[in-house]
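The primary structure of each chain is shown beneath.
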Amino acid sequence: MHLSNESLMVIILVGLIAGWLAGQVMRGSGFGLIGDLIVGLLGALIGDWLLPRLNIHLGVGIVALIINAFVGAIVLLLILRLFAGGGWGYGRWHSGW
């Protein structure tokens, strides 16, 4: 498989956008450039595996790729939160108690 420079740039762009969006939704802040890229790229892999199994097809194009990677990144962050033992951030919401 040969990736052109344009394909690589699209993959990186989709990963960055999806990782940043997932970071905004799940935590309220991003993970930095590298963290957002890793979360987005892993999310894209999860989304590409999970969504077809749920019979969800988003279509083609950059927007569909970003949504697919975003859904996968949210799933990844939920799994990481469950295993990290942080729950839903109880201490953050009740920091004044």
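Source: prediction; values computed, not measured. (Residues numbered from 1 in each chain as written. Predicted model: local features only at pLDDT ≥ 70, side-chain atom pairs only at ≥ 80, totals over all residues. Heavy atoms only, no water.)

1. Some points on the environment of Asp48
With respect to the helices and strands, the residue Asp48 is situated in helix H2 (residues 32–53). Spatially, the C-alpha atoms of Asp48 and Val71 are 9.6 Å apart, while their sequence positions differ by 23 residues. Looking at Asp48, its side chain comes within polar contact range of the side chain of Asn68, at 2.5 Å. (Helix = DSSP H or I, 4+ residues; strand = E, 2+ residues; numbered from the N terminus. Polar contact = N/O pair within 3.5 Å; in protein donor to acceptor, adjacent residues only side chain to side chain.)

2. Points about the nonpolar core
Within the largest apolar cluster, 7 residues are counted, these being Ala22, Met26, Val39, Ala73, Ile74, Leu76 and Leu77. Elements supplying a minimum of two residues to this core: helix H1 (5–26) and helix H3 (62–84). Top contributing element to this core by residue count: H3, with 4 residues. (Core = buried A, V, L, I, M, F, W, Y, C linked by side-chain atoms within 4.5 Å. Buried < 20%, exposed > 50% of the residue type's maximum accessible area, 1.4 Å probe, protein only.)

3. As for the confidence of the model for the protein
Of the residues in the protein, 75% reach a pLDDT of 70 or more, and the chain-wide mean stands at 76. Ranking the elements of the protein by mean pLDDT puts helix H4 (residues 90–93) last with 44 and H3 first with 84. Segment residues 88–97: pLDDT under 50, and 5 contacts once partners within four positions in sequence are set aside and those in other chains are kept. (pLDDT = per-residue confidence, 0-100. Contact = heavy atoms within 4.5 Å.)

4. Quick look at the environment of Leu42
Checked against the element boundaries, Leu42 lands in helix H2. Separated by 27 residues in the primary sequence, Leu42 and Ala69 have C-alpha atoms spaced 8.0 Å apart.

5. Describing a nonpolar patch on the surface
Taken together, Val10, Leu13, Leu54, Ile56, Leu58, Ile62, Val63, Leu65 and Ile67 make up a surface patch of nonpolar side chains, about 730 Å² in accessible area. Per element, the largest residue contribution to the nonpolar patch is 4 residues, and it comes from H3. Structurally, Leu65 is set in helix H3. (Patch = residues over 30% accessible without salt bridge, like charges linked within 9 Å, V, L, I, M, F, W, Y side chains within 5 Å. Areas by Shrake-Rupley, 256 points an atom, 1.4 Å probe, with all protein chains shown as cover. Salt bridge = Lys/Arg side-chain N within 4 Å of Asp/Glu carboxyl O.)

6. Looking at H2
Over its 22 residues, H2 runs 31 Å from end to end, which matches the ideal 32 Å to within 8%, given 1.5 Å per residue. In H2, a bend of some 25° at Gly47 exceeds every other bend along the element. Of all the positions in H2, only Asp36, Leu37, Val39, Gly40, Gly43, Gly47 and Leu51 are classed as buried. Asn55 sits one or two residues past H2 and shows a positive phi near 60°. (Expected span 1.5 Å × (residues − 1). Bend = angle between axes of the 7 residues up to and from the residue.)

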